[in-house]
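Analysis of the macromolecular model
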Amino acid sequence: MLQDGKIDLAKKKLYIQTFGCQMNVQDADKMSVLLLESGYEATDDPATADLIIVNTCSIREKAAEKICSQLGRFRTLKVQKPHLKIGVGGCLAQHWGEHFFKRVPYLDLVFGTHQIHRLPEMVYALEQTGGRQAETAFCDRVPSLDIVAQPTAGAVTTFVTIMQGCDNFCAYCVVPALRGREQSRPLPEILREVKTLAGQGIREVTLLGQNVNSYGQTRDGSPDFTDLIQAVGEIAGIERIRFTTSHPKDLSPKLIASFGKVASLCEHIHLPVQSGSDRVLERMNRGYTAQDYREKIAALRATCPGISITSDVIVGFPGEEDGDFQATLALMQDVRFDNLFSFQYSQRQGTAAAGMDRQVSGSVKRERLRVLQALQAEHTREKYSACLGRTEAVLVEGVSKNEPNEMTGRTRGNRIVNFPGHPELIGKTVSVKITKAFLHSLRGKMEERGAAYVH
Ligand code: SAM
Ligand code: SF4
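Quick caveat: nothing in here was measured; it's all calculated off a predicted structure. (Residues numbered from 1 in each chain as written. Chains lettered and ligands numbered in written order. Predicted model: local features only at pLDDT ≥ 70, side-chain atom pairs only at ≥ 80, totals over all residues. Heavy atoms only, no water.)

Regarding the site of ligand 2
- The environment of ligand 2 is made up of C166, N168, F169, C170, Y172, C173, V175, P176, Q210, H247 and R286.
- Tallied by class, residues from the shell around ligand 2 come to 7 nonpolar, 3 polar and 1 charged. (Near = heavy atom within 4 Å. Nonpolar A, V, L, I, M, F, W, Y, C, P; charged D, E, K, R; others polar.)

Let's talk about the packing of aromatic side chains
- All told, the structure shown has 8 aromatic pairs when counted by the stated rule.
- When the ring of Y172 is compared with that of F317, the centres are 6.3 Å apart and the planes differ by 85°; the resulting orientation is edge-to-face. Taken as a pair, Y172 in the loop between β10 (163-164) and α6 (175-179) and F317 in the loop between β15 (308-315) and α12 (322-335) lie far apart in primary sequence, 145 residues in all. You'll find Y172 and F317 in the same group, each marked buried.
- With centroids separated by 6.2 Å and ring planes inclined at 50°, the aromatic side chains of F243 and F259 adopt a geometry described as tilted. Note that F243 is positioned in strand β13 (residues 240-244) and F259 in helix α9 (residues 253-261), a separation of 16 residues in sequence.
- A relative accessible area of 5% means that F243 is categorised as buried.
- Put simply, the rings of Y172, F317 and Y345 pair up and form one aromatic cluster.
- The residue whose ring lies beneath R60 is F343, and the NZ or CZ to ring-centre distance is 3.8 Å. (Phe/Tyr/Trp six-rings, centres within 6.5 Å; stacked < 30°, edge-to-face > 60°. Helix = DSSP H or I, 4+ residues; strand = E, 2+ residues; numbered from the N terminus. Buried < 20%, exposed > 50% of the residue type's maximum accessible area, 1.4 Å probe, protein only. Lys NZ or Arg CZ within 6 Å of the ring centre and 35° of its normal.)

Looking at the site of ligand 1
- Around ligand 1, 15 residues are found, and the nearest of them are Y172, Q210, Q274, D312 and S346.
- At 3.1 Å from an oxygen atom of ligand 1 is found a side-chain nitrogen or oxygen belonging to R60.
- At 2.6 Å, a side-chain N or O of D312 approaches an oxygen atom of ligand 1.
- For ligand 1, whose accessible area on its own is 560 Å², the fraction buried by protein is 91%.
- When contributions to the shell around ligand 1 are tallied by element, the ones reaching two or more residues are β15 and β16 (339-344). (Polar contact = N/O pair within 3.5 Å; in protein donor to acceptor, adjacent residues only side chain to side chain. Areas by Shrake-Rupley, 256 points an atom, 1.4 Å probe, with all protein chains shown as cover.)

Notes on a negative patch on the surface
- A grouping of D278, E282, D292 and E295 is seen on the molecular surface, where their side chains present a negatively charged patch.
- Elements supplying a minimum of two residues to the negative patch: α10 (278-284) and α11 (290-303).
- With respect to the helices and strands, D292 occurs in helix α11.
- Residue classification places D292 among the partly exposed residues on the basis of a relative accessible area of 31%. (Patch = residues over 30% accessible without salt bridge, like charges linked within 9 Å, V, L, I, M, F, W, Y side chains within 5 Å. Salt bridge = Lys/Arg side-chain N within 4 Å of Asp/Glu carboxyl O. Lys, Arg positive; Asp, Glu negative; His and termini not counted. Charge placed at Lys NZ, Arg CZ, Asp CG, Glu CD.)

Some remarks on the sheet that holds strand β14 (residues 268-270)
- Across the sheet, 3 strands lie side by side as β14-β15-β16; this open sheet has parallel pairing. The open sheet has two free edges, formed respectively by β14 and β16, since each of these has just one partner strand. Shown here is a sheet whose adjacent strand axes are inclined to one another by a mean of 10°, direction ignored.
- Taken together, the 3 bridges between β14 and β15 define a ladder with parallel strand orientation. Across the sheet, the residue bridging to H270 is T310, located in β15. (Pairing = 2+ DSSP bridges. Axes fitted to C-alpha atoms, helices over the stretch in contact; angles between N-to-C directions.)

As for helix α5 (residues 119-129)
- Among the residues of α5, L119, P120, M122, V123, A125 and L126 are the ones counted as buried.
- Count one or two residues on from α5 and you reach G130, which has phi positive near 75°.

What to know about the sheet that holds strand β18 (residues 406-410)
- Strand order in the closed barrel formed by 5 strands is β17-β18-β19-β21-β20, with mixed pairing between adjacent strands. On average, adjacent strands in this sheet sit at an angle of 50° to one another, irrespective of strand direction.
- Alignment of strand β17 (residues 391-399) against strand β20 (residues 429-437), held across 5 bridges, turns out to be antiparallel. Bridged to T391 within β20 is K433.

Side note on the nonpolar core
- Counting 53 residues, the largest nonpolar core has L207, F225, L228 and Y293 as its most contacted members.
- A per-element tally of this core places helix α7 (residues 187-199) first, with 6 residues.
- Excluding its chain neighbours within four sequence positions, the residues that come into contact with L207 are V160, I162, V212, F225, L228, I229, I241, R242, F243 and T244.
- One finds V88, A93, V104 and V110 within the second-largest nonpolar core, a separate group that totals 24 residues. (Core = buried A, V, L, I, M, F, W, Y, C linked by side-chain atoms within 4.5 Å. Contact = heavy atoms within 4.5 Å.)

Let's talk about the layout of surface pockets
- Each pocket or cavity is described by its volume, and for the second largest pocket that value is around 510 Å³.
- Elements represented by at least two residues in the lining of the second largest pocket include exactly β3 (13-18), α1 (22-37), β9 (157-161) and α7.
- With 6 residues, the single largest contributor to the lining of the second largest pocket is α1.
- Class assignment for the residues of the lining of the second largest pocket results in 12 nonpolar, 9 polar and 3 charged. (1 Å grid on protein atoms, 1.4 Å probe; cavity = no way out; pocket = protein on both sides within 12 Å on 5 of 7 lines; lining within 4 Å. Points joined across faces, edges and corners; volume = space filled by probe spheres on them.)

Looking at the side chain of D50
- Locating D50 in the fold gives a position in the loop between β4 (41-42) and β5 (51-56).
- Put simply, D50 is tucked away with no salt bridge, and the nearest opposite charge, on K81, sits 4.6 Å away.
- Only 2.8 Å separates the side chain of D50 from the side chain of H83, close enough to count as a polar contact.
- With residues up to four places along the chain from it excluded, the contact list for D50 reads K12, K13, K81, H83, L84 and K85.

Describing the environment of L340
- Along the polypeptide, L340 turns up in strand β16.
- In this structure the C-alpha to C-alpha distance between L340 and V25, which are 315 residues apart in sequence, comes to 21 Å.
- With residues near it in sequence (within four places) discarded, L340 still touches S311, D312, V313, M332, L372 and Q376.

A look at the packing of helix α8 (residues 225-233) against α9
- Orientation of α8 relative to α9, taken along the N-to-C sense of each, is 20°, at an axis distance of 9 Å. Considered as vectors, α8 and α9 are oriented roughly parallel to each other. Once α8 is placed against α9, the crossing between them reads as left-handed. Residues F225, T226, D227 and I229 of α8 pack against K254, L255 and S258 of α9.
- Tallied by class, the residues present in the contact of α8 with α9 amount to 3 nonpolar, 2 polar and 2 charged. (Parallel < 35°, antiparallel > 145°, perpendicular 65-115°, else oblique. Left-handed = near helix turned anticlockwise from the far one by under 90°.)

Okay, structure coming up:
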């Protein structure tokens with residue numbers, strides 16, 4: 001039944017499980033907005049659901065394996081409750097398309113990364129006909145880019161999608177094939193969303209996209225990423241701005257300078273390097289050398305001395321020799337990342353690297369990952385220990401998961417800090433003296449200076 005142009009689905013229960021990156025989490029929120037608007041009710045328990053949506057990831061082989069075993073568990077529910085519908089969206093759904101029905105025969109619905117907006121209509125058709133539905137076409141302009149995801153109730157921080165897709169075609173990566181070409185949202189729409197979020201109590205936004213620092217480049221004369229940061233920096237109530245992910249080749253001097261200019265721009269950048277070897281970077285089609293990367297880090301540190309720098313590295317890219325791997329370790333020694341996400345190269349069908357010769361064996365990849373992670377653990381420990389005795393401005397996000405009498409928040413450099421405190425502090429920025437450093441978090445004591453709050 002259609003009401004006011006919207007589909008009115010019967011009051012049934014919806015369970016969404018999402019895999020993969022933050023873009024997928026945002027997409028899952030959009031799916032939920034659409035289906036709840038159409039009459040569904042959310043449930044946290046898949047056993048009570050009438051519709052289960054699995055939002056899938058395809059970035060590495062392991063993700064696909066995990067998703068298939070999760071779908072296997074949902075199959076048991078379907079045996080007990082034959083009216084249960086199971087759908088898949090996201091990157092693996094885009095990748096496999098209708099082939100998903102062959103691999104997972106009890107699936108009812110497959111929808112691609114550009115088809116989220118059609119979800120209510122497809123679910124309605126499923127309910128009416130009982131057949132299967134599949135749609136994975138790409139659109140020139142992704143309609144779901146304009147759907148505004150709702151922040152979690154009581155949240156202080158949230159993500160705002162500013163663009164989607166990617167034009168970079170890194171040789172190992174399936175994203176351009178599965179999410180399509182880069183598309184930026186118009187600046188006024190983003191600002192409208194951020195203003196609404198500020199009115200709902202959000203204090204920190206993370207601007208989100210596959211390659212945020214090429215924002216706006218698809219349209220001549222449109223505002224670029226630095227213009228966007230400056231405009232968001234003027235929105236009252238937004239105390240902190242972060243962004244992810246940025247590409248080293250698009251890190252302009254103008255963007256680096258904004259770290260010294262925009263007060264709310266946090267001193268943290270996630271800047272994936274992927275390798276420290278020029279030979280490997282070239283084969284990866286990354287568009288910069290290790291020296292270019294070192295120079296950008298030096299420029300960032302010259303503008304913003306305390307900036308926290310995190311990165312991604314892939315080990316075992318085809319043709320990576322021991323000397324290449326040593327070059328990655330050398331770059332890590334020079335840069336000393338605050339934190340690093342590291343992955344074994346995973347061969348993805350349809351990418352340029354999948355057809356390259358000299359694939360690296362699993363045992364070599366595992367050993368390189370072990371060595372690299374041990375080195376990074378030393379650096380992370382060193383960075384966290386350096387915080388001891390410092391007083392940090394901490395935006396309080398909520399009650400600590402493990403300690404009900406403790407609050408948790410993050411420094412501007414994106415380090416988690418736990419400290420004794422009360423829930424009334426949530427949403428406030430407080431001064432916390434750091435007393436203990438762990439591998440991935442800090443502990444401290446709030447400073448009682450007059451009115452205890454910074455804000
Ligand atoms: N757009 C971002 C960028 O350019 O860094 C992030 C893309 S991806 C979701 C996150 C990370 O996954 C990448 O930075 C890369 O290190 C890793 N990755 C992507 N494809 C991979 C592959 N085939 N094998 C192993 N790691 C991969
Ligand atoms: Fe993938 Fe490269 Fe695009 Fe990142 S920049 S999404 S790694 S193709």
